[in-house]
Amino acid sequence: MTLTTQGTGGQVAEEAPPALEITNAWKSFGHVSALRGVSLTVRGGEVLALVGDNGAGKSTLVKVLSGVYPVDSGNITIAGVPLERADPRLARSRGISTVFQDLAVVETLDIAANVFLGQPLRRFGIFADRKQMISQSAAILRSLKVRVPSVRVAAGELSGGQRQGVAIARAVRQDNPIILMDEPTAALGVRETAQVGEIIRSLREHGKAVILVCHDLEFIFAHADRIQVLRLGQVQGVRDVSATTRTEIVSLITGAIARDVDGEVSE
């Protein structure tokens, strides 16, 4: 439903459509139903956390939204415009950047090459422009407050948190309005986890729509605006962080609290 607001001079202005929306998505792998009628909405300047047990459908949903998997049925819209097909390059060109759990950081390449992995800057359309890639990589990492010795250092020499920062820098470099993050704090220490939190705060402040898959409820309550719980491939419930508790979220994850009526996404 499109909402309207009363503007100056009595004019009625339509509210902007969600940055990203998926409606009634179904996805099966053989006889296994990974997603069963899942809907999701996220707006610019908002952090939406996806939580649930293993097998709940979180990573499948991220791969559907990023174009890796096609849906069996359902609709995906970006800023109100339908996404025609499952294609990672199309999703990226339409505004979705994804930081997958495996990071896809090439250890033998330096940081600058990893930030521009698959999309190097070129001079005259032919030669890789290393000077610009080094300069821009350093600037992005500084803006994200990711500390590295040099962008010429091989990714294999970095800590887990630094690698996560490089992967996020690659997504940020694309300057897309939607950022998907699949378990960005997995296997990170306390200081590195806090650094990822700072990056997410910065993305929100710059108006990005962030979807965050995370198992760390303390991190989620510190950095998310809303929490969407998946269980057995269905939406169990959606809660504003300011209006829920860890106990309620855990109860939704385990099924101790009944699923919201018809799985509706309440905002």
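Residues numbered from 1 in each chain as written. Predicted model: local features only at pLDDT ≥ 70, side-chain atom pairs only at ≥ 80, totals over all residues. Heavy atoms only, no water.

The protein carries the name Monosaccharide ABC transporter ATP-binding protein, CUT2 family in an unreviewed UniProt entry, which gives Salinibacterium xinjiangense as its organism.

Draft legend 1. Representation of the overall build of the protein in the model. Scanning the protein from terminus to terminus reveals eight helices and 14 strands. The globule rule puts the C-alpha radius of gyration for 267 residues at 18 Å, and the 19 Å found for the protein is close to it. Referenced to the eigenvectors of the C-alpha coordinate spread, the extents of the protein come out at roughly 55 × 50 × 40 Å. Here the contacts in the protein between residues at least 6 apart in sequence split such that 62% fall between residues at least 24 apart. (Helix = DSSP H or I, 4+ residues; strand = E, 2+ residues; numbered from the N terminus. Rg over C-alpha atoms; globule rule 2.2 N^0.38 Å. Contact = heavy atoms within 4.5 Å.)

Draft legend 2. Examining the packing of aromatic side chains more closely. Summed over all chains, the structure comprises one aromatic pair. Note on Phe29 and Tyr69: the rings are 5.1 Å apart at their centroids and 70 degrees apart in plane angle, and the pair reads as edge-to-face. Residue Phe29 is located in strand β3 (residues 20-29), and its partner Tyr69 is located in the loop between α1 (58-65) and β6 (73-78); the two are separated by 40 residues in the primary sequence. Here Phe29 falls in the partly exposed class, since its relative accessible area comes to 35%. Residue class for Tyr69 comes out partly exposed when judged on its relative accessible area of 25%. A cation over a ring is seen here: Lys27 above Phe29, with NZ or CZ 5.2 Å from the ring centre. A cation over a ring is seen here: Arg246 above Phe221, with NZ or CZ 4.6 Å from the ring centre. (Phe/Tyr/Trp six-rings, centres within 6.5 Å; stacked < 30°, edge-to-face > 60°. Buried < 20%, exposed > 50% of the residue type's maximum accessible area, 1.4 Å probe, protein only. Lys NZ or Arg CZ within 6 Å of the ring centre and 35° of its normal.)

Draft legend 3. Region of interest: the pattern of salt bridges. Tallying each qualifying case throughout the model produces eleven salt bridges. Among the ionic pairs, Arg85 bridges to Asp87, the shortest N-O distance being 3.8 Å. Here Arg239 ties to Asp260 by a salt bridge, and the two come within 3.1 Å at their closest N and O atoms. Of this pair, Arg239 sits in strand β14 (residues 234-240) while Asp260 is found in the segment after α8 (246-254), placing the two residues 21 residues apart along the sequence. We note that Arg239, like Asp260, is buried. (Salt bridge = Lys/Arg side-chain N within 4 Å of Asp/Glu carboxyl O.)

Draft legend 4. Fine view of unusual backbone geometry. Phi at Ala79 takes a positive value of approximately 55 degrees, unusual for a residue other than glycine. Along the chain, Ala79 falls in the loop between β6 and β7 (81-82). Here Leu232, not a glycine, exhibits a phi torsion of approximately 55 degrees, which is positive. Its location among the elements puts Leu232 in the loop between β13 (226-231) and β14. The exposed category is assigned to Leu232, whose relative accessible area is 52%.

Draft legend 5. Main features of the sheet that holds β7. Strand order in this open sheet of four strands is β4-β3-β6-β7, and the pairing throughout is antiparallel. The sheet is open, and its two edges are formed by β4 (32-42) and β7, each paired on a single side. (Pairing = 2+ DSSP bridges.)

Draft legend 6. Looking closely at the packing of helix α5 (residues 160-173) against helix α6 (residues 190-205). Running from N to C, α5 and α6 cross one another at 15 degrees; their axes reach a closest spacing of 9 Å. Considering their axes alone, α5 and α6 lie roughly parallel with respect to each other. Our pair here, α5 against α6, has a crossing hand that is right-handed. Judged by residue contacts, Gly160, Gly161, Gln162, Gln164, Ile168 and Val172 of α5 engage Glu192, Val196, Ile199 and Leu203 from α6. Here the residues of the contact of α5 with α6 sort into five nonpolar, four polar and one charged. (Axes fitted to C-alpha atoms, helices over the stretch in contact; angles between N-to-C directions. Parallel < 35°, antiparallel > 145°, perpendicular 65-115°, else oblique. Left-handed = near helix turned anticlockwise from the far one by under 90°. Nonpolar A, V, L, I, M, F, W, Y, C, P; charged D, E, K, R; others polar.)

Draft legend 7. Looking closely at the sheet that holds strand β12 (residues 209-213). Read across the open sheet, the six strands follow the order β8-β11-β12-β5-β13-β14; overall the sheet is mixed. Either end of the sheet is taken by a strand with one partner, and the two such strands are β8 (96-99) and β14. The average angle at which neighbouring strand axes cross in this sheet is 20 degrees, direction not considered. Note that β8 and strand β11 (residues 178-182) share four bridges and pair parallel. Of the residues in β11, the one forming a bridge with Thr98 is Leu180. Packing against the sheet, α5 makes contact with β8 and β11, and its axis sits at approximately 170 degrees to β8. Along the sheet, α6 contacts β5 (47-51), β11 and β12; its crossing angle with β11, the most-contacted strand, is approximately 160 degrees.

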